[in-house]
Amino acid sequence: MVLPPNDWKQPVGEAAGLLGQALGQLGANFAPDLHFKPCEFEALIRVVPDAARESHDQLYIAMDISLKVHAGISDHENMRICSTLKHEKLSAEAVRHLSRKT
């Protein structure tokens with residue numbers, strides 16, 4: 001997994017929100033790519049501070065697509081990716097969709 005350098009400063013305020021949106025869109029674009037490894041997807045998710053995402057809906061959609069494309073990943077990898085999702089940051093619609101899947 002790729003981690004930011006120790007002296008890297010996390011963006012704050014509006015910049016963090018814009019970064020969260022941009023990386024969320026990037027994740028959604030890469031999610032269906034078979035060559036984009038689950039560990040790379042996880043690293044992309046984790047690089048954005050949680051505070052930079054007002055909602056996790058876009059993340060949930062990208063995650064759902066990625067996990068369908070990489071259906072053969074291990075339970076451990078699956079749990080590592082799924083653990084990045086904050087259920088309290090999902091809209092009611094996303095929670096309903098998620099509850100139908102379990």
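Residues numbered from 1 in each chain as written. Predicted model: local features only at pLDDT ≥ 70, side-chain atom pairs only at ≥ 80, totals over all residues. Heavy atoms only, no water.

As annotated in an unreviewed UniProt entry, the chain carries the name NPH3 domain-containing protein and comes from Arachis hypogaea. Note on the chain: under the UniProt heading Sequence similarities (unreviewed entry), the record states "Belongs to the NPH3 family." (UniProt positions renumbered as here; feature names shortened; annotations may be inferred.)

Peer 1: Describe the overall build of the chain, with residues and values.
Peer 2: Within the chain, the regular secondary structure consists of 5 helices and 0 strands. Beginning at the N terminus, the succession of helices and strands in the chain can be written as α-α-α-α-α. Across the 102 residues of the chain, 31% fall into the buried class. Accessible surface computed for the chain: about 6700 Å², of which carbon and sulfur atoms make up 57%. (Helix = DSSP H or I, 4+ residues; strand = E, 2+ residues; numbered from the N terminus. Buried < 20%, exposed > 50% of the residue type's maximum accessible area, 1.4 Å probe, protein only. Areas by Shrake-Rupley, 256 points an atom, 1.4 Å probe, with all protein chains shown as cover.)

Peer 1: Give me the lowdown on the nonpolar core, citing residues and values where you can.
Peer 2: Residues Phe41, Ile45, Met63, Ile81 and Leu85 are the most contacted members of the largest nonpolar core, which totals 15 residues. Elements that contribute at least two residues to this core include exactly helix 2 (38-47) and helix 3 (57-69). Here this core gets 5 residues from one element, more than from any other, and that element is helix 3. Beyond its immediate sequence surroundings of up to four residues, Ile45 is in contact with Arg53, Leu59, Met63, Ile81 and Thr84. (Core = buried A, V, L, I, M, F, W, Y, C linked by side-chain atoms within 4.5 Å. Contact = heavy atoms within 4.5 Å.)

Peer 1: Explain the packing of helix 2 against helix 4 (residues 75-82) to me, using residue names and the numbers behind them.
Peer 2: One way to put it is that helix 2 packs onto helix 4 with a least axis distance of 10 Å and a crossing angle of 20°. For the element pair helix 2 / helix 4, the angle class is roughly parallel. Of the two possible hands of crossing, helix 2 and helix 4 adopt the one that is left-handed. In this structure, helix 2 contributes Pro38, Phe41, Glu42, Ile45 and Arg46 to the contact, and helix 4 contributes Glu77, Arg80 and Ile81. (Axes fitted to C-alpha atoms, helices over the stretch in contact; angles between N-to-C directions. Parallel < 35°, antiparallel > 145°, perpendicular 65-115°, else oblique. Left-handed = near helix turned anticlockwise from the far one by under 90°.)

Peer 1: Residues and numbers for the confidence of the model for the chain, please.
Peer 2: Scored by pLDDT, the chain comes out at a mean of 79, with 73% of its residues at no less than 70. Considering each helix and strand of the chain separately, the mean pLDDT is smallest for helix 1 (residues 13-30), with a value of 65, and largest for helix 4, with 92. (pLDDT = per-residue confidence, 0-100.)

Peer 1: Got a sec to walk through the pattern of salt bridges? Specific residues and values, please.
Peer 2: Across all of its chains, the model carries 3 salt bridges by this definition. Here Glu42 ties to Arg80 by a salt bridge, and the two come within 2.8 Å at their closest N and O atoms. With Glu42 in helix 2 and Arg80 in helix 4, this pair connects stretches of sequence that are 38 residues apart. The exposure class of Glu42 is buried, given its relative accessible area of 6%. (Salt bridge = Lys/Arg side-chain N within 4 Å of Asp/Glu carboxyl O.)

Peer 1: Requested: an account of the side chain of His56, with residues and values cited.
Peer 2: Mapped onto the elements, His56 comes out in the loop between helix 2 and helix 3. For His56, a relative accessible area of 0% gives the class buried. At 3.0 Å, the side chain of His56 and the backbone nitrogen of Lys86 are in polar contact. When neighbours within four sequence positions are excluded, His56 is seen to be in contact with Asp50, Thr84, Leu85, Lys86, Lys89 and Leu90. (Polar contact = N/O pair within 3.5 Å; in protein donor to acceptor, adjacent residues only side chain to side chain.)

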